[in-house]
Amino acid sequence: MPVAARAADRQGDVPAGAGGMRQERVMGLIEREEELASLEDLLSGAVMGRGRIALVGGAVATGKSTLLRALTEQAIELGALSVTATGSRAERELPLGVLRQLIQDAPLVAAERDRALALLDEGARAAASSDGGAGPQVDAQVVHTLCTVLLDLAERYPLTIVVDDVHHADRASLLCLVYLARRVRNARILAVFSHADGEGYTDAYFQTDLLRQPHCRRIRLTPLSRAGVAALVAARAGVRPTERLADEWYALSGGNPLLAGAMGDDHEDFVRASGEHPTGAVVGDQFGQAVLACLQRGRPQTVQVAHGLAVLGETEGLDRLLDIPAPDISRELLSLGAAGLIDAGNFRHEAVREAVLAGVDVQERMDLHHRAAELTYAMGLPPSAVAGHLLRASRVDAPWVVPVMEEAARSALRDGQVESAVAYLRLAWRECADEARRSKIMTMLVRAEWRINPAAPAGRLAELAEAMHRGSLRGGDAVVLARALLWHGRFDDARDVFEQLSRSDAADQETTAELVVAQLWLRATYPPFLTHLRRAAGERGLASMVSVMVSQRLESTLALAEVLSKGPREASMNAVERILEDSRLDEMTLDTVENSLLALTYAGRCEKAAPWCDLFSVEASSRQAPSRQARLAAIRAEIAIRQGDMPAAEHHARIALDIIQASGWGVAVGGPLSSLILALTAMGRYDAVREYLDWPVPEAMFQTRYGLHYLHARGRHSMATGYFALALRDFQRCGELMAAWNLDAPGLIHWRAEAGEACLRLGQPQEARQLIQAQLDACGSGARRSKGIALRLLAATSEPARRPALLRQATEYLQLAGDKYELARALFDLVEAYDALGEHRRARTIAGRAQAVARECRAEPMIGLLAGGNGAVPSPSPSELIGGLTDAERRVATLAAAGYSNREIAAKLYVTISTVEQHLTRTYRKLNISQRADLPLLLEFGDQASI
């Protein structure tokens, strides 16, 4: 009968509380039925007087103990006695320790027990006092008498003698067990000895002597199969295994029942803690403990090799690391593989390696990393491999340490491993004794930490400032310091750095290039500080020759500065697009990417900036650069504001402010905060805006471009909530700063139009018209968004009859600019203009479109006004009206809306002019319009709706 079936039959006879242990034993016998059957055959023969010996071997933790326990149970059921002992590495030097366990476990009468224990004590004393060179000596008469005790016991009852981990037994006990084994052939005894493959015995002849006996049988336990592992883990965890789980369990355990069972326990713990069933294998604390248990059962040298492999990470050089001969290393690796811990020279799972390391003493681990660092450097491995060991080692005093750490940091930054780079640079800075080099390392560290959080390196800036005063920080590194000081609002310290740089006569080519870029950057972002840096315009050509990277940074910064001061040039816009195509977010290019994106954004080319910004955001996320993610999210929020996508603007602004707390943003907090305020204001969430307006912002922010955005956003909120005078003051202050800084481009902030609207609300139409007209005059041919906004406001200052024409122009510009929110505002004004003229049908038609666009922006105040007034809702929507056109009518109307004459339409569609006129007449009737001028609005909306 199969073992599992026999156990199930006996289940009803076990005492209460024993069912769990029985089930545990059955699970431990999965794929061990054949081996147990062999032992049971030997046991049956022994009961009949045919004594037998069984030597059970296998890798560490292959389920030997569970098998032996099942055998002892079967022996008891057959009426046999069972005496057991277990060898232990810790008791190898305890003479007769294993034999004492057997005697103490035997059911002897008091007199026999006392005589046997006395003999054990005598034998132990003799063995302990004997010359260690020849091994412990035990009197032959003592050995004979002790073995006779067990042989006499077998005369009364069949006897099963079981010794687990016999390879750890003391030498004196092994001598007695060999003596006994030679005499059991005609006794009712089954002697079973289990051992781990590859483990050395305290007596090398024990196994040889047993195997020479004709009544000895060898039984090998092999690792579990994939099906066996799946059955064990599933039974332990109480789950039904999937193909994926079975594969993962087998790959992680290597067929080791101890590891497989531990995974089942971890799986069960996970389900109990989370209430959910995991989709993959769970590797937790139980698995780690099982790994350590496997190691503890092995040889000391096996443990040593496991520790070395966990530290070094590869087998090459392991013999040199541990000072162990290569053949011994190979043997121990085979043992680790047989135990299911490694596969092809590597740990099966990172959790195995971590568990092994957890079992290493802290000082031993540091010493191993010390030796590993020296070894990997001598082997010529990449700096990153050496640096990883240096970080975890006791101090390595060698001249190559600092250069290796610097190069490893540069490599890590290129690969996006920012946190590793920071750790390398911190160690390099601590180990470096040269002051000038320490300053350069500190500058690299500031740049690296900046990628994670700009607030992180703030404490290091004072030390860099001192280094500059001492003359050990120069050139581009000093510019990095100045920019960091400006970000954190430490303007006086930044001013000192710039003035010191300007006074420096000896500047190399790289320093000159950095100064040129810094001058343009100051002009676009921190204009008041431009006076503290010497003019370097004549050196731009020299700067561009330093490197491609510097040239691109120079070109992108120049493009941004030109857009903000003079307006966009086509050549510059083409250049920044090429730069974006060539850029990746490596160590030095975020400024280039940021400046290029802002140049496109302020130039009114948001449709080109948005996809690039999204692409770089994904790259920043994958390269462990949260600071870069946040800065790109802030730019993306600004783009969304200009596209009228208020939900997206809120989303990206919140991401920026969540990744970097407000204090970490320094003066740049005005960027994402302004976008968030503008978006929430447009969506009518005024209470939420008040919370953000209460945030403390640095006073120094108002000396930067970020401060202009903040003034604009605060003014827009004041306008929306009826504080027109406060709004006017913010808009005027914004305009004064822009004019003073020579950043008075409409693409940055259309402050004149905003101030003009405030004047209108304050009952100052004349002042409003002057400001709005000035805004129109400042707009170049490409400033569609600013022109559309100004035209909408100009209509408000004009006679009612002129307003529709101006508003239609405004909507066309705003459609071209892609600003849905401002388009919705212009359409809303157009509805009111038609209503004021009594053209209610036209007003209703346009109101439908205005409402649809406002919904896209979630402009709730506008949606409410459109739904509550003008009778707009009951009328058919424009998309419904356009849906009534035939294909021919739609084609003709679309071309007419695009500005083609009837003759040109006839030529394009190969029809007569009369046919075009007939189609247009029917179209006007179906759409309830009377002229071609109304076609662009309706058809444009209809095309969008149909899409």
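Structure first, text after, so check above.
Just so it is clear, the structure is predicted and the values come from calculations on it, not from any experiment. (Residues numbered from 1 in each chain as written. Predicted model: local features only at pLDDT ≥ 70, side-chain atom pairs only at ≥ 80, totals over all residues. Heavy atoms only, no water.)

*Asks:* Which residues make up the overall build of the protein chain, and what are the values?
*Replies:* Along its length, the protein chain carries 50 helices and seven strands. Each of the 947 residues in the protein chain was classed as buried or not, and the buried ones make up 54%. Put simply, of all contacts in the protein chain between residues at least 6 apart along the chain, 68% involve residues at least 24 apart. A total accessible area of about 40,000 Å² is found for the protein chain, and carbon and sulfur atoms account for 50% of it. (Helix = DSSP H or I, 4+ residues; strand = E, 2+ residues; numbered from the N terminus. Buried < 20%, exposed > 50% of the residue type's maximum accessible area, 1.4 Å probe, protein only. Contact = heavy atoms within 4.5 Å. Areas by Shrake-Rupley, 256 points an atom, 1.4 Å probe, with all protein chains shown as cover.)

*Asks:* Outline the pattern of salt bridges, supporting the account with residue identities and numerical values.
*Replies:* Pairing between side chains becomes possible if they bear opposite charge and their charged atoms approach one another. This model, assessed by the stated rule, comprises 52 salt bridges. Ionic pairing is found between Glu856 and Lys820, a salt bridge with its closest N-O pair at 3.6 Å. With Glu856 in helix H44 (residues 840-857) and Lys820 in helix H43 (residues 820-836), this pair connects stretches of sequence that are 36 residues apart. A relative accessible area of 43% means that Glu856 is categorised as partly exposed. Among the residues examined, Lys820 registers a relative accessible area of 26% and is labelled partly exposed. A cluster of three or more residues bridged by salt bridges with shared partners is formed by Arg716, Glu754, Glu757, Arg761, Arg792, Glu822, Arg825 and Asp829. (Salt bridge = Lys/Arg side-chain N within 4 Å of Asp/Glu carboxyl O.)

*Asks:* Mind laying out helix H4 (residues 64-77), listing which residues take part and the relevant values?
*Replies:* Over its 14 residues, H4 runs 20 Å from end to end, which matches the ideal 20 Å to within 8%, given 1.5 Å per residue. Taken across its 14 residues, H4 has 10 buried, putting it largely inside the fold. Burial in H4 covers these residues: Lys64, Thr66, Leu67, Leu68, Ala70, Leu71, Thr72, Glu73, Gln74 and Ala75. Among the residues trailing H4, Gly79 stands out with phi positive, at a value near 85 degrees. (Expected span 1.5 Å × (residues − 1).)

*Asks:* Tell me about the sheet that holds strand S1 (residues 52-58), and name the residues and values.
*Replies:* The parallel open sheet is built from five strands, whose spatial order is S2-S3-S4-S1-S5. Two strands bound the open sheet, and with one partner strand each, they are strand S2 (81-86) and strand S5 (216-221). Averaged over all pairs of adjacent strands, the angle between strand axes in this sheet comes to 15 degrees, irrespective of strand direction. This element, helix H3 (residues 33-47), spans S1, strand S3 (159-164), strand S4 (189-196) and S5 of the sheet and lies at about 160 degrees to S5. Each of S2, S3 and S4 is contacted by helix H7 (residues 140-156), which is oriented at about 140 degrees to S3, the strand it contacts most. (Pairing = 2+ DSSP bridges. Axes fitted to C-alpha atoms, helices over the stretch in contact; angles between N-to-C directions.)

*Asks:* Describe in detail the nonpolar core, supporting the description with residues and values.
*Replies:* Counting residues in hydrophobic clusters, the biggest one holds 171 residues, and the most contacted among them are Leu390, Leu486, Tyr526, Leu632 and Trp665. A total of 10 residues in this core trace back to one element, the largest contributor, which is H43. If near-sequence neighbours (up to four positions away) are discounted, Leu390 is found in contact with Ala373, Val396, Trp400, Val401, Val404, Met405 and Leu427. (Core = buried A, V, L, I, M, F, W, Y, C linked by side-chain atoms within 4.5 Å.)

*Asks:* Can you break down the environment of Asp477 residue by residue, with the values?
*Replies:* The topology assignment puts Asp477 in helix H24 (residues 475-487). Look at Asp477 and you get buried, because its relative accessible area is 11%. C-alpha separation for the pair Asp477 and Glu514, spaced 37 residues apart in sequence, amounts to 9.2 Å. Apart from the residues lying within four places of it in its own chain, the contact partners of Asp477 are Lys440 and Thr443. A polar contact of 2.9 Å, which involves the side chain of Asp477, links it to the side chain of Lys440. (Polar contact = N/O pair within 3.5 Å; in protein donor to acceptor, adjacent residues only side chain to side chain.)

*Asks:* Can you tell me about the environment of Leu180, naming the residues and giving the values?
*Replies:* Counting through the fold element by element, Leu180 comes out in helix H8 (residues 171-181). Separated by 30 residues in sequence, Leu180 and Leu150 have C-alpha atoms that sit 8.6 Å apart. Setting aside residues up to four positions removed in sequence, Leu180 forms contacts with Cys147, Leu150, Leu151 and Ile161.

*Asks:* I'd like a rundown of the packing of aromatic side chains, residues and numbers included.
*Replies:* By convention here, two paired aromatic rings are described through the distance between centres and the angle between planes. Here the structure, examined in full by the defined rule, presents 10 aromatic pairs. Taking the centre distance of 5.4 Å and the plane angle of 75 degrees together, the rings of Trp450 and Trp487 count as edge-to-face. Of this pair, Trp450 sits in helix H22 (residues 435-452) while Trp487 sits in helix H24; the two residues are 37 residues apart in sequence, bridging distant segments of the chain. According to the relative accessible area criterion, Trp450 is buried, its value standing at 13%. Through a chain of ring-to-ring contacts, the aromatic side chains of Phe491, Trp521, Tyr526 and Phe529 assemble into a single cluster. Positioned over the ring face of Tyr706 is Arg705, at 5.2 Å from the centre of the ring. (Phe/Tyr/Trp six-rings, centres within 6.5 Å; stacked < 30°, edge-to-face > 60°. Lys NZ or Arg CZ within 6 Å of the ring centre and 35° of its normal.)

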